[in-house]
Amino acid sequence: MDWLGLQLFTELPVTGRIVIDCRHEPLLVLIAFAVASAACFATLDMAERQSHTELRAAQRQWRVLGACCLAGGIWAMHFISMLAFQAPVEMHYDVSLTGLSLLIALLVAWLAMNSLDRSEMRPQHYLQSALLIGLGIVIMHFVGMAALQTGAQQYYQTGLLLSSAVIALLTSLVALLLARYFRNGSGTLHQTMKYGASLIMASGIVATHFTAMSAMTLVIPADTALRLPSGDNSLQLGLSIAFITLLISGSSISAALADKKLQSKEDDLRRYGVLLSQLDQARESLQQAAHYDALTNLVNRRGFNQIFAERLAEQNPGEHRLAVMFLDIDHFKRINDSLGHDAGDELLKVIANHIKAATRSHDLVARFGGDEFCVVTSLNNTDEARHLAQRIMQRMKEPIDLGGRRMVMTTSIGISIYPDDGLTTEELLKHADLALYQSKGSGRNSLHFFNSSLKSRASLALQLEEELRLALLEERGLCVHYQPIFDLRTGQVAKLEALVRWQHPLHGLMGPDRFIGIAEANGLIVDLDLWVLRHACQDLARLQQHGFTSLKVTVNCSAVTLGHETLPNEVEVALFQAGLAPRQLELEVTENALMGDIEHTVSLLKRIRGQGVGLSIDDFGTGYSSLAYLKRLPLDVLKIDRTFLQDVPGSLKDREIIEAIIAMAHTLHLEVVSEGVETVEQHEFLASNGCDYLQGYLLSRPVPLSELRSLLDQLDRQESVFSPCCDTALPGSPDLFADTLGYRAGASTVRQGH
Ligand code: C2E
Ligand code: MG
Ligand code: MG
């Protein structure tokens, strides 16, 4: 077959002379091998860079450079080897065919670099690429051979020609595998292996060339004269080509090296960046945990302090005003105690949302813990603060479904204004807290602004606390007044309620409403209650000595005292020291005192009742008692709160409520006491509805022990007992007088044997 003047797969001609004196210049062969090795190494480097770059443009650049190195290497090896070839014939090169062979080399190299770019290489991909590249190399070689212009014909021996093609194919396959393998990795071993791989690849290329060369036989016409092989300028040309190729390879390797360094720096930077952003995230989540409340996602007290301090620093006292609102959910503890903490948490979340919904986006809303919230808002005038507070209170009243119940919560709010009420966070919070205290004191579900009189009231409370402590310690100033409780069936005074008073040197006679709260807040209440208990027992014993033997005394017991484990012992000791029978004592506990740890309270109350002491539930109807509660408690008496009686008999609703309470109490085998009986109509209404006992100003105000005996004596003599003389120093006590009371006609006191 004649191809570009080459005789492929053709038998040698019968005529003509075979040129046998052909040889290769060893130095040039060596140079060719060195050039191929350097080019292969550079190509491996380019392939590595190509796979490490994520930018498409940079990948293309490395691919072009890799193709140039590989093509240059193959072609230069081929061309230098051709220059090394010496035969006794005239030899020169056809430029266009030489150029074409270079182009083919470039195409093959481009193909190789492209196939390396695949993200995944399957065996068939390797084979396909190796086939194309190998074929390309063979074609390049023979085009290059065709460029060799001599007087001789080139005949190629089929076996060796095919062998060179197979070697080209295998070399391509191995080169692809190696290039793929050396894309990743680093270190000296990796580098050494890469040198080895470059030598293997170069050997393959050289082997392809020389196998093809050995397949060639030059045949000249028989009459052509042979000439001596001449080195002419082959060495010089070979060296030049080698130099250029090595320069290309060397530059490419340097560029790859620089890029590698740059990339490792970039990688380091990226790693630092990732590390920094992780640090940032960690710091943020720490900040979140430290400054935000996990339950409601609102800022917590610490976060509030920080943000508020920053806001205050930005403020100009002359220009802007701020409102600080302290919110406290009314009776939240009862929810927690009765429905459990999970329900309490759920409720707090809903409440937090209500507050957020009522505020504006730039208002600062914080949860300080428990059921305390705080809102800071900027103002143009004070009314804005009032409106916002009212909006919050209104929102709060929206019914909330919780644990199968629908409930309506209310909130108390205290407000202080910057700069009028303070310039610092502490001052403003303290003053808002004082205003909140005022809201709670005035029956809750209300809002109050701070004013300076609150401050003096707060310091008064502090002073009172100190004085109360002293009064208890020295047993000075405290006294007990007694209010008779009448038995409606017998018309007799059956019990006396012990009500504490404080004869203050400055403020005069103070009612419990003015100091019980202070005592409860400071733990003084237990001592106070026990003091009243002991006194009440002693006083009843004294009355007993005067013949009032069937009287009972009832003593109020606060929630805090009820939580005291030693209470049953204290009761026992008080009774023992006074020489009273347990049935002569009744303890009054409010509904709210029962809402705490119900199991514990029930067991404590059972112990007390087990001693024979009576138990009554005070102020019934103002708390959260349910029938289920009442059923479980070991009670004897139920006292209807006086607020139900206020509008009786005018209010039909209140009348119905009282009727229902009496009926319910009787069903539960409880006796009923009505507090706050002030009018004859109220008395008649209660009497006609089966109430068991009455207590109220109509019948008698609370009186000191000194006046009690004469009061009881008056009753005994069946005179009018409704004297205004008692307790007149107490503020808020209405002056009620009952002129005539029908039922009293037959009333007698309980003095016996006197
Ligand atoms: P309480 O136990 O419900 O006592 C009844 C209160 O109602 C007494 O007020 C009494 O003076 C008043 N009251 C009685 N009848 C009438 C009436 O017809 N009209 C009006 N407006 N009020 C009437 P006081 O003495 O001011 O006691 C107030 C509360 O202080 C008591 O309510 C009780 O809860 C508490 N308290 C009194 N003494 C003690 C004590 O020694 N320990 C504890 N923990 N609390 C006490
Ligand atoms: Mg009471
Ligand atoms: Mg009461």
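Residues numbered from 1 in each chain as written. Chains lettered and ligands numbered in written order. Predicted model: local features only at pLDDT ≥ 70, side-chain atom pairs only at ≥ 80, totals over all residues. Heavy atoms only, no water.

**Student:** An account of the coordination of the magnesium ion (ligand 3) is requested, with residue identities and associated values reported.
**Tutor:** Donor atoms from the polypeptide that coordinate the magnesium ion (ligand 3) comprise Asp-618 (OD), Asp-619 (OD), Glu-675 (OE) and Glu-675 (OE), at 1.9 to 2.6 Å from the metal. The motif formed by the donor residues of the magnesium ion (ligand 3), counted along the single chain, is D-D-x55-E. Between the magnesium ion (ligand 3) and the magnesium ion (ligand 2), both coordinated by Asp-618, there is a metal-metal distance of 4.0 Å. On the accessibility criterion, Asp-618 (4% relative accessible area) is buried. Using a relative accessible area of 23% as the deciding quantity, one classes Asp-619 as partly exposed. (Donors = N, O, S within 2.8 Å, 3.2 Å for Na, K, Ca; no water. Buried < 20%, exposed > 50% of the residue type's maximum accessible area, 1.4 Å probe, protein only.)

**Student:** Describe the site of ligand 1, with residues and values.
**Tutor:** As a structural note, the neighbourhood of ligand 1 is formed by 24 residues, with Asp-529, Asn-556, Asp-618, Glu-678 and Tyr-697 the closest of them. Take Val-500: an N or O atom from its main chain is 3.2 Å from a nitrogen atom of ligand 1. A total of 790 Å² of accessible area belongs to ligand 1 in isolation, and the protein chains cover 88% of it. Within the residue set of the shell around ligand 1, elements represented by two or more residues are β18 (492-504), α15 (525-545) and β22 (614-620). At four residues, the largest contribution of residues to the shell around ligand 1 is made by β18. When grouped by side-chain class, the residues that make up the shell around ligand 1 number nine nonpolar, five polar and ten charged. (Near = heavy atom within 4 Å. Polar contact = N/O pair within 3.5 Å; in protein donor to acceptor, adjacent residues only side chain to side chain. Areas by Shrake-Rupley, 256 points an atom, 1.4 Å probe, with all protein chains shown as cover. Helix = DSSP H or I, 4+ residues; strand = E, 2+ residues; numbered from the N terminus. Nonpolar A, V, L, I, M, F, W, Y, C, P; charged D, E, K, R; others polar.)

**Student:** Which residues make up the domain arrangement of the chain, and what values do they have?
**Tutor:** Under the domain assignment, the chain is made up of domain 1 (26-222 + 230-262), domain 2 (301-458) and domain 3 (478-741). For domain 1 versus domain 2, the separation of C-alpha centres amounts to 83 Å. (Domains from an automatic or database assignment.)

**Student:** So what about the packing of helix α4 (residues 123-147) against helix α5 (residues 158-181)? Which residues, and what values?
**Tutor:** Between α4 and α5, the least distance of the axes is 8 Å, while the angle of their chain directions is 130°. Accordingly, the angle class assigned to the pair α4 and α5 is oblique. The handedness of the crossing between α4 and α5 comes out as right-handed. Side by side, α4 and α5 meet where Tyr-126, Leu-127, Ser-129, Ala-130, Leu-131, Ile-133, Gly-134, Ile-137, Val-138 and Phe-142 of the first sit next to Leu-161, Ser-164, Ala-165, Ala-168, Leu-169, Ser-172, Leu-173, Leu-176, Leu-177 and Arg-180 of the second. Residue composition of the contact of α4 with α5, grouped by class: 15 nonpolar, four polar and one charged. (Axes fitted to C-alpha atoms, helices over the stretch in contact; angles between N-to-C directions. Parallel < 35°, antiparallel > 145°, perpendicular 65-115°, else oblique. Left-handed = near helix turned anticlockwise from the far one by under 90°. Contact = heavy atoms within 4.5 Å.)

**Student:** I'd love a proper account of the coordination of the magnesium ion (ligand 2), names of residues and values included.
**Tutor:** Taken together, the protein donors to the magnesium ion (ligand 2) comprise Glu-497 (OE), Asn-556 (OD1), Glu-588 (OE) and Asp-618 (OD), at separations of 2.0 to 2.2 Å. Along the chain, the residues donating to the magnesium ion (ligand 2) are arranged with the sequence spacing E-x58-N-x31-E-x29-D.

**Student:** I'd like a rundown of the environment of Leu-496, residues and numbers included.
**Tutor:** Assignment of secondary structure puts Leu-496 in strand β18. For Leu-496, a relative accessible area of 1% puts it in the buried group.

**Student:** Please provide a residue-by-residue account of the confidence of the model for the chain, values included.
**Tutor:** The share of residues in the chain with pLDDT of 70 or more is 92%, and the mean pLDDT across the chain is 85. Low pLDDT (under 50) marks residues 718-754, which in the prediction has 83 contacts with non-local residues, meaning those over four places away or in another chain. (pLDDT = per-residue confidence, 0-100.)

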